[in-house]
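# Topology and contacts: notes
The primary structure of each chain is shown beneath.
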Amino acid sequence: MSSLQELSEAVQRGDAAAASGATTALVGGDIGPADILNRALLPAMAVIGERFREREIFLPDVLLAARAMKAAMAVLEPLLLRDGVAKSGVVVLGTVRGDLHDIGKNLVSVMLQGAGYDVVDLGSDVDADAFIDAALDADAAVIGMSALLTTTMTEMAAVVRRIEERGLHDRLRTIVGGAPLSEAFAREIGADGFAPDATAAVERIRELVRR
Amino acid sequence: MKVSLARRLAAGVVVGDGGWGTMLAERGLPAGAPPELWTLQRPEILAEIARAYVDAGAELITTNTFGASPMRLSLHRLGDRFEEINRRGVEIVRAAVGDEVLVSASIGPTGRLLAPLGNADPAEVSRGFAEQARILVAAGADVLCIETMTDLEEATLAVRAARSISEEIAIIASMTFDITPRGPFTVMGVSVSQAAETLASAGATLVGSNCGAGVEEMRIVAKAFVEVATVPVAIQPNAGLPRRQDGVLVYPESPDRFAAAVAAMAATGVGLVGGCCGTTPAHIAALRRRIGR
Ligand code: B12
Ligand SMILES: [Zn+2]
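All values reported here derive from a predicted model rather than from experimental measurement. (Residues numbered from 1 in each chain as written. Chains lettered and ligands numbered in written order. Predicted model: local features only at pLDDT ≥ 70, side-chain atom pairs only at ≥ 80, totals over all residues. Heavy atoms only, no water.)

## With respect to the domain arrangement of chain A
A common way to state how big an interface is: give the accessible area lost once the parts meet. Residues and elements named next belong to chain A. Short version of the rule: For each domain, the first and last residues come from an automatic or database assignment. Contacts: residue pairs with any heavy atoms within 4.5 Å of one another. Note: buried area is the sum, over both parts, of the accessible area (probe 1.4 Å) each one loses when the two are combined.
By the assigned domains, chain A splits into domain 1 (4–83) and domain 2 (89–210). Just the C-alpha atoms count here: the centres of domain 1 and domain 2 sit 25 Å apart. At the interface, 14 residues of domain 1 touch 9 residues of domain 2. Note on domain 1 versus domain 2: buried area summed over both sides is about 890 Å², and carbon and sulfur give 76% of it.

This is the structure in structure tokens:
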């Protein structure tokens, strides 16, 4: 008999086969798919995010956990859809123009998918209009931008400005992140949100979507 | 007569140069443009920076080839200029500083994660490093400087590849660490003792650290390296983490504070000292004054 605890541990260990197996076993029982997501998978990824922030674990551990989470989601996703568990929304993510750092952005993507968002990941070195066009195409409510370089942070201001210019601010919210950023910088450039790490990013985006 | 890095290390502390990326940005390299572009377009600026570092007292000058591995260049659609960028990178510095200063050819990470964690093929990565090292050595580099590494496997591939090209060339293998509650680790989870041991046995003649958060953090890293390394230690910290002030970047460490902190590391047994991001000829001049000739 598989338990939520076992599933959570498999994800935290980064054991994709065990996570997928535990999920398959659980969905035959009386715990609903939404509960499996909310009581095992999301808490497991929250623990991973927290332990990485404290550097008790490192990037490889996080990436493996993310992979295990995806393996579990592959089993769960059709059932969530069948039960009509509403998707949380669509988020467009990318690293801004001139910046190739994508590891942090990828973690944010993983956590968002784990929390039930559809993510359109544009990769790195993304142009202002490419962010906006992708968001319109996918009917996304939020654009998330990452920058790790003090020289490319200013690109975020350009995207925010471009959204204004195109008259889309009532439709598109922006959130920014990356090691050199701060809440103050986000406010200065007129972004709607900032988060210091991937776990906080999910919370902030949830607030932005609700608004 | 040129004195080799090994001979210099045996005689005392060696002073290297400071940052390049930040110097280029200051001179107008557009944000996001690969620094290697200026090897092709603005060689006179590279020569000027190299000379400024020699005038400041550096005896080893880094080439503008940090991002010139085949994988990194192809990201910028400069893959077809690979040979030229690496060869010219060495030639420009050599022509600017003459024969008595050591030319240290920079080799940076590919920026990709190795399989199975990522999708970069280790054999291809290794071939790329070997090709890059072959061109740098043929162009006359005195030292190969493998730097800013965070993945020990990738760093080891680079050191082995470099060593396969030349049995005698000096190889610096340098990684970037964060300070955690359990001491320094790279973002990939590599400790100082793992790095020191693995890289030396792969063929590095110096091991150490560059970049990172600043001199305070680097003091902890340097101490750990000096304790465990079986080969000389190279330490090149940042001038702190940059802040934006009225739209311009400001690095917090003044030349004087930087020099005092780095000279203190040299006094504890570090063999080669220099600077990384945000350090300038003024930082190296201050460091040289503290260390003496
Ligand atoms: C790995 C790395 C690289 C790799 C990138 C590989 C890749 N595919 O991403 C390579 C080798 C390519 C690289 C290149 C360069 N790098 Co680099 N790099 C790093 C390093 C070591 C780790 C970054 C990282 O992945 N951290 C781990 C992730 C998980 O953290 P994170 O990105 O901060 O993300 C978290 C949060 O910020 C947040 N977040 C991130 N994005 C978003 C987005 C949103 C919407 C939200 C809400 C939240 C959020 O959540 C994430 C998860 O918790 C850092 C140093 C360091 N220790 O930080 C330097 C660093 C970022 N690099 C630096 C520099 C200078 C460079 C180069 C310019 C070097 C050069 N001279 O060529 C080039 C630039 C290339 C380019 N054009 O982008 C400097 C930047 C200094 C500055 N602030 O300007 C740093 C800080 C090193 C230093 N100490 O000086 N680098
Ligand atoms: Zn640096």
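Resuming the write-up.
## Focus on the interface of chain A and chain B
Rules: Salt bridges are identified by distance alone: a Lys or Arg side-chain nitrogen within 4 Å of an Asp or Glu carboxyl oxygen. For this analysis, a polar contact is any N or O atom pair within 3.5 Å, provided that within protein one partner can donate a hydrogen and the other can accept it, and provided that sequence-adjacent residues contribute only side-chain to side-chain pairs. For the purposes of this entry, the term helix denotes a DSSP run of H or I that reaches at least four residues, the term strand denotes a run of E that reaches at least two, and both are numbered from the N terminus.
Facing 18 residues of chain A, the contacting portion of chain B comprises 19 residues. For the pair chain A and chain B, the summed buried surface comes to about 1600 Å²; carbon and sulfur atoms form 66% of the total. The largest per-residue losses of area from chain A upon contact with chain B belong to Arg55, Phe58 and Thr150 of chain A, which jointly make up 32% of the total buried on that side. Among the ionic pairs, aspartate 178 of chain B bridges to arginine 55 of chain A, the shortest N-O distance being 3.5 Å. Taken together, the links from chain A to chain B amount to 6 residue pairs in polar contact (both at pLDDT 80 or more). Of all the secondary-structure elements, those providing two or more residues to the side of chain A that touches chain B are α4 (59–82), α7 (153–165) and α8 (183–189) of chain A.

## Considering the site of ligand 1
Put simply, the test is: We call a residue near a molecule or strand as soon as one heavy atom of that residue lies within 4 Å of the molecule or strand. Only Asp, Glu, Lys and Arg are considered charged in this grouping, and only Ala, Val, Leu, Ile, Met, Phe, Trp, Tyr, Cys and Pro are considered nonpolar; every other residue, Gly among them, is considered polar.
Around ligand 1, the structure places 40 residues, and the nearest of them are Leu100, His101, Asp102, Ser146 and Thr150 of chain A. Mapping the residues near ligand 1 onto chains gives chains A and B. Taking aspartate 102 of chain A, its main chain carries an N or O atom lying 2.8 Å from an oxygen atom of ligand 1. Sort the elements by how many residues they give to the shell around ligand 1 and helix α5 (residues 103–114) of chain A lands first, with 5 residues. Here the shell around ligand 1 is built from residues that sort into 22 nonpolar, 12 polar and 6 charged.

## Examining the side chain of threonine 186 of chain B
Here threonine 186 of chain B is to be found in the loop between β7 (183–185) and α9 (192–202). Side-chain polar atoms of threonine 186 of chain B contact the backbone oxygen of threonine 150 of chain B, separated by 2.8 Å. Those residues in contact with threonine 186 of chain B that lie beyond four places of it in its chain are Phe58 of chain A together with Thr150, Met175, Thr176 and Phe177 of chain B.

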